[in-house]
Amino acid sequence: AVEHLCIADVDGDGATEIVYNVRDPALDYRSFVRVRSVSCGTVKAEIHDAWCGGMGPDNTLLVFSAPEGSTPNSGNVTVYRLGASGAWNILAELPRIRIPEAHAEADHFILRQSEIDDSESLVQYDMKDDNLLEAGRKHCPWLSTAARCECLVSNGNGIILSHDAA
């Protein structure tokens, strides 16, 4: 299984890379997040036993631990940035995140986060100088029963759409 995430200069070196998830059959179907050079095809960086749930602001990656070839879309997320040297920088660790409802813009993103009591909230994190700061939290009890939701943001105003399972 391969899942494309983005094509961009994710490490800031001026060259374009492709970021993707893969379950590698040559390595017992373990899960990897890989960054590959578009121009020459070389793998520039990878995270073992991991699955990227999406991209955050400024080409950050929202990554779940993925032991034994799993492909999770909820759990604790580590926010990574790839440096030009090829080294991964960990910017934050966020608990109990559900990625399919993530929405990223240039300097912030909104994530669906489970609370300790199993209710859910939408949380906005702002990116400031490679630090993530919680900028807002809206408790949304109905989210825990919603089959699928989307967060649409335009000019800083958000709308939550709940899709009924039909």
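The sections below set out a description of the structure shown in this document. It should be emphasised that the depicted structure is a prediction, and the values quoted were computed from it without experimental measurement. (Residues numbered from 1 in each chain as written. Predicted model: local features only at pLDDT ≥ 70, side-chain atom pairs only at ≥ 80, totals over all residues. Heavy atoms only, no water.)

Should their charged atoms come close, side chains of opposite charge can pair. Applying the stated criterion across every chain yields a total of 12 salt bridges. Between R112 and E120 there is a salt bridge, with the nearest N and O atoms lying 2.4 Å from each other. A salt bridge links E115 to R137; the nearest nitrogen and oxygen atoms lie 2.6 Å apart. Remark: R137 occurs in strand β11 (residues 131–139) and E115 occurs in the loop between β9 (108–114) and β10 (120–128); sequence separation between them is 22 residues. Classification of R137 by relative accessible area gives partly exposed; the value is 38%. One network of salt bridges, with partners in common, ties together D11, D13, E17 and K44. (Salt bridge = Lys/Arg side-chain N within 4 Å of Asp/Glu carboxyl O. Helix = DSSP H or I, 4+ residues; strand = E, 2+ residues; numbered from the N terminus. Buried < 20%, exposed > 50% of the residue type's maximum accessible area, 1.4 Å probe, protein only.)

What follows concerns the nonpolar core. If you look at the biggest cluster of nonpolar residues, it comprises 16 residues, and the most contacted ones within it are V10, V19, V33, M55, L61 and V63. The set of elements that each furnish at least two residues to this core consists of β1 (2–8), β3 (30–37), β4 (43–48), β5 (50–55), β6 (61–65) and β7 (74–82). Residues within four places of L61 in sequence aside, it is in contact with V19, V33, C52, G54, M55, T78, V79, Y80 and W88. By size, the runner-up hydrophobic cluster in this structure holds 15 residues, among which are F64, L91, A92 and L94. (Core = buried A, V, L, I, M, F, W, Y, C linked by side-chain atoms within 4.5 Å. Contact = heavy atoms within 4.5 Å.)

One pass over the structure, following the stated rule, counts two aromatic pairs. With a centroid separation of 5.7 Å and an interplanar angle of 75°, the aromatic rings of Y80 and W88 are classed as edge-to-face. Aromatic pair F109 and Y125: ring centres 5.8 Å apart, planes at 35°, arrangement tilted. With F109 in strand β9 and Y125 in strand β10, this pair connects stretches of sequence that are 16 residues apart. Assessed through its relative accessible area of 1%, F109 is described here as buried. A relative accessible area of 5% places Y125 in the buried class. Across from the ring centre of F32, 4.6 Å away, lies the NZ or CZ of R34, which sits over that ring. (Phe/Tyr/Trp six-rings, centres within 6.5 Å; stacked < 30°, edge-to-face > 60°. Lys NZ or Arg CZ within 6 Å of the ring centre and 35° of its normal.)

Let us now look at the sheet that holds β3. Spatially, four strands are ordered β1-β2-β3-β4 in an open sheet, and the strand pairing comes out antiparallel. Unpaired on one side and paired on the other, β1 and β4 mark the two borders of the sheet. Between one strand axis and the next, the sheet turns by 20° as a mean value, whatever way the strands run. Pairing of strand β2 (residues 17–24) with β3, which is carried by eight bridges, proceeds in the antiparallel orientation. Opposite N21, over in β3, you have V33 as the bridge partner. (Pairing = 2+ DSSP bridges. Axes fitted to C-alpha atoms, helices over the stretch in contact; angles between N-to-C directions.)

With that out of the way, let us pick up the state of the cysteines. Inspection of the entire model under this criterion finds zero disulfides. In this model C52 remains outside any disulfide bridge; the closest cysteine sulfur is found in C6, 8.2 Å from its own. (Disulfide = S-S within 2.5 Å.)

Just distances and angles here, no functional claims.
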